[in-house]
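# Structural overview
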Amino acid sequence: MTTPHSSRLRLPGARWARHLSEPKLFAAGQEWDVIRVEADLGVRAVRLLEASGTPLGPVLHDQTNDQAYFLVPPGSARTWRHERSRALGHGSWVVLAPPGWEGGLLRWMSDPADSPPHTPTADLARALTAATAQSDTHTGPGTHPC
């Protein structure tokens, strides 16, 4: 049986991803915390981070609930304060897909095999602030960006 991902030759630095062959539920707060945002806001933030040359850690898009999940350093959830986002740390659980995953409704925007283990939280906060401002200028009250 073949698995629906193509990363067998790439070994990610993150221990959690090394032997993963299908999506799995993981406890946050150990190797990473997660910042969850709406996917459209997450895409804007990813583009801004990439354009600025900022190290971008793994970012997962869950198409089921249209959310983006940024992996950030463990402990970040305790101090995270940013509108339109939710920090998931110790006591939270997150489903992550293997590197290169191509099956189902989970997609990596920034694959763990091609990125550092985390996105720096200060950089992510700046990118989300800028992405929120972009979102607010492109959509008026009561409108949807799609």
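Higher on the page you've got the structure.
In every chain, residue numbers begin from 1 and rise along the written sequence. It should be noted that, the model being predicted, local features are given only for residues of pLDDT at least 70 and side-chain atom pairs only at 80 or more, the latter also being counted only at that level, while totals for whole chains, interfaces and linings use all residues. Excluding hydrogens and water, the side-chain values take into account all heavy atoms of the structure.

Strands here are runs of E lasting at least two residues and helices are runs of H or I lasting at least four, both read from the DSSP assignment and numbered beginning at the N terminus. Mapped onto the secondary structure, Ser76 falls in the loop between strand E4 (67-72) and strand E5 (85-88). Burial classes follow relative accessibility: with a 1.4 Å probe on protein chains only, a residue under 20% of its type's maximum area counts as buried, one over 50% as exposed, and anything between as partly exposed. Taking the relative accessible area as the measure of exposure, Ser76 reaches 10% and is therefore buried. For Ser76, the side chain forms a polar contact with the main-chain oxygen of Pro73, separated by 2.6 Å. Contacts are assigned to residue pairs with any non-hydrogen atoms lying within 4.5 Å of each other. Excluding anything up to four places from it in sequence, Ser76 contacts Asp33 and Thr121. By the criterion applied in these results, polar contacts are pairs of N or O atoms within 3.5 Å in which, for protein atoms, one can donate a hydrogen and the other can accept it, and in which residues neighboring in sequence qualify only through two side-chain atoms.

In this section: unusual backbone geometry. Even without a glycine there, the phi angle at Asp66 is positive, about 55°. Looking at the element boundaries, Asp66 is found in the loop between strand E3 (59-62) and E4.

Here we take up the pairing of strand E2 (residues 33-38). The pairing criterion for strands is at least two bridges between them, as found by DSSP. Relative to E4, E2 runs antiparallel, the two being bridged by 6 bridges. Across the sheet, the residue bridging to Glu38 is Gln67, located in E4. Sheet topology places E2 next to E5; 4 bridges connect them, and they run antiparallel. Opposite Arg36, over in E5, you have Arg86 as the bridge partner.

Throughout this description, the term nonpolar core refers to a set of buried Ala, Val, Leu, Ile, Met, Phe, Trp, Tyr and Cys residues connected via side-chain atoms within 4.5 Å. One finds Trp16, Trp32, Val34, Leu60, Val94, Leu96 and Trp108 to be the most contacted residues of the largest nonpolar core, which totals 17 residues. Breaking this core down by element, the ones donating at least two residues are E4, strand E6 (93-96) and strand E7 (106-110). In contact with Trp16, not counting residues within four places along its chain, are Phe26, Glu31, Trp32, Leu71, Leu96, Ala97, Trp108 and Pro112. Ile35, Val37, Ala45 and Trp80 belong to the second largest nonpolar core, which has 16 residues in total.

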